[in-house]
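Each chain, letter by letter, is given below.
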Amino acid sequence: MNIAIDGPAGAGKSTIAKRLAKELDYIYVDTGAMYRAMALYFLEQGIDASDEKEISSASEKVDITIAYQGGEQQVILNGENVNGRIRREEVGNMASATSIYPVVRKKLVALQQKLAATADVIMDGRDIGTCVLPDAEAKIYLTASVATRAKRRYDELQAKGERCDIAEIEKDIEERDYRDTHRTTSPLKQAEDAVLVDTSEMNIDEVVETIRKICQEKQ
Ligand code: C5P
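About the criteria used
- Residues numbered from 1 in each chain as written.
- Predicted model: local features only at pLDDT ≥ 70, side-chain atom pairs only at ≥ 80, totals over all residues.
- Heavy atoms only, no water.
- UniProt positions renumbered as here; feature names shortened; annotations may be inferred.
- Near = heavy atom within 4 Å.
- Polar contact = N/O pair within 3.5 Å; in protein donor to acceptor, adjacent residues only side chain to side chain.
- Areas by Shrake-Rupley, 256 points an atom, 1.4 Å probe, with all protein chains shown as cover.
- Helix = DSSP H or I, 4+ residues; strand = E, 2+ residues; numbered from the N terminus.
- Axes fitted to C-alpha atoms, helices over the stretch in contact; angles between N-to-C directions.
- Parallel < 35°, antiparallel > 145°, perpendicular 65-115°, else oblique.
- Contact = heavy atoms within 4.5 Å.
- Nonpolar A, V, L, I, M, F, W, Y, C, P; charged D, E, K, R; others polar.
- Buried < 20%, exposed > 50% of the residue type's maximum accessible area, 1.4 Å probe, protein only.

As recorded in an unreviewed UniProt entry, the chain goes by the name Cytidylate kinase, listed as coming from Roseburia zhanii. The UniProt entry for the chain carries this comment under Sequence similarities (unreviewed entry): "Belongs to the cytidylate kinase family. Type 1 subfamily." What UniProt states about the chain under its Subcellular location (unreviewed entry) heading is, verbatim, "Cytoplasm".

See the structure below:
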């Protein structure tokens, strides 16, 4: 059985998917991390996100593989583990700007489908239910209000001791939502057969429980 979890940035997809994967003994596949690893490569090469030609030729030089260490997904970019370097806002924004290109998506979708073919996976992203795993047995569209998502991100950064501004975070989230939902190739949208879960008023335990029930019903 494969479980697809899609939704906008900051809806809690990875937290929930990780918890569920542990409980159900599934492999957790974080597809955003793959787009981030490619974005890191483009950033390090000094490539402009709007230069599709450059992005295309650079994409050919990118090799991304996935490994698991203590159950945690590791993204290997051209032989180097880049997990520690892909979480910065700058990388997330570059990932959002470059994931619009079919050449980038084609490469990563193939890798994601290969992973799902060999194991039971819980995969999270933006196009899993609509494009990567259209036949997934359970599909969830996880969302929350912009204000809730910004507050969660703010708390997370505060806990890490990072200075941040909630209005700026909100603006960033809105921009990323807009880009992800308006791109031509595989935009973020709820699959017709996905179950909508709005987590604005829910805590993590409640969300995990809700999704576990949805998955049980699909089994
Ligand atoms: O989920 P995360 O914030 O790590 O994803 C970074 C960016 O990668 C997203 O803003 C989105 O543009 C892109 N992405 C995508 N398709 C996916 C996963 C992520 O386009 N399946």
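On to the site of the ligand. In the vicinity of the ligand, 16 residues are found, and the nearest of them are Arg36, Arg105, Asp127, Asp180 and Arg183. A distance of 3.0 Å separates an oxygen atom of the ligand from a polar atom in the side chain of Ser99. Between Arg105 and the ligand, the recorded distance is 2.8 Å, taken from a side-chain N or O atom to an oxygen atom. For the ligand, the accessible surface in isolation is 450 Å², of which the surrounding protein chains cover 95%.

A few words on the UniProt feature "domain: Cytidylate kinase" (unreviewed entry) in the chain. With numbering aligned to this structure, UniProt lists the feature "domain: Cytidylate kinase" (unreviewed entry) at residues 3–215. Annotation note: span residues 3–215, helix share 52%, strand share 17%, distance between end C-alpha atoms 8 Å.

This brings us to the packing of helix α2 (residues 31–44) against helix α4 (residues 89–98). The contact between α2 and α4 brings their axes to 8 Å, and the two run at 100°. Overall, the two elements α2 and α4 adopt an arrangement that is roughly perpendicular. In this structure, α2 uses Tyr35, Arg36, Ala39, Leu40, Phe42 and Leu43 to contact α4, whose residues at the interface are Glu90, Val91, Gly92, Met94, Ala95 and Thr98. In terms of residue class, the contact of α2 with α4 is built from eight nonpolar, two polar and two charged.

What follows concerns the UniProt feature "binding site: ATP" (unreviewed entry) in the chain. As recorded in UniProt, the sites labelled "binding site: ATP" (unreviewed entry) are Gly7, Pro8, Ala9, Gly10, Ala11, Gly12, Lys13, Ser14 and Thr15. Mapped onto the elements, Ala11 comes out in the loop between β1 (3–6) and α1 (13–24). Given the relative accessible area of 2%, Ala11 is considered buried. Excluding its chain neighbours within four sequence positions, the residues that come into contact with Ala11 are Leu142, Thr143, Ala144, Arg149, Arg152 and Thr199. Relative to the elements of secondary structure, Gly12 occurs in the loop between β1 and α1.

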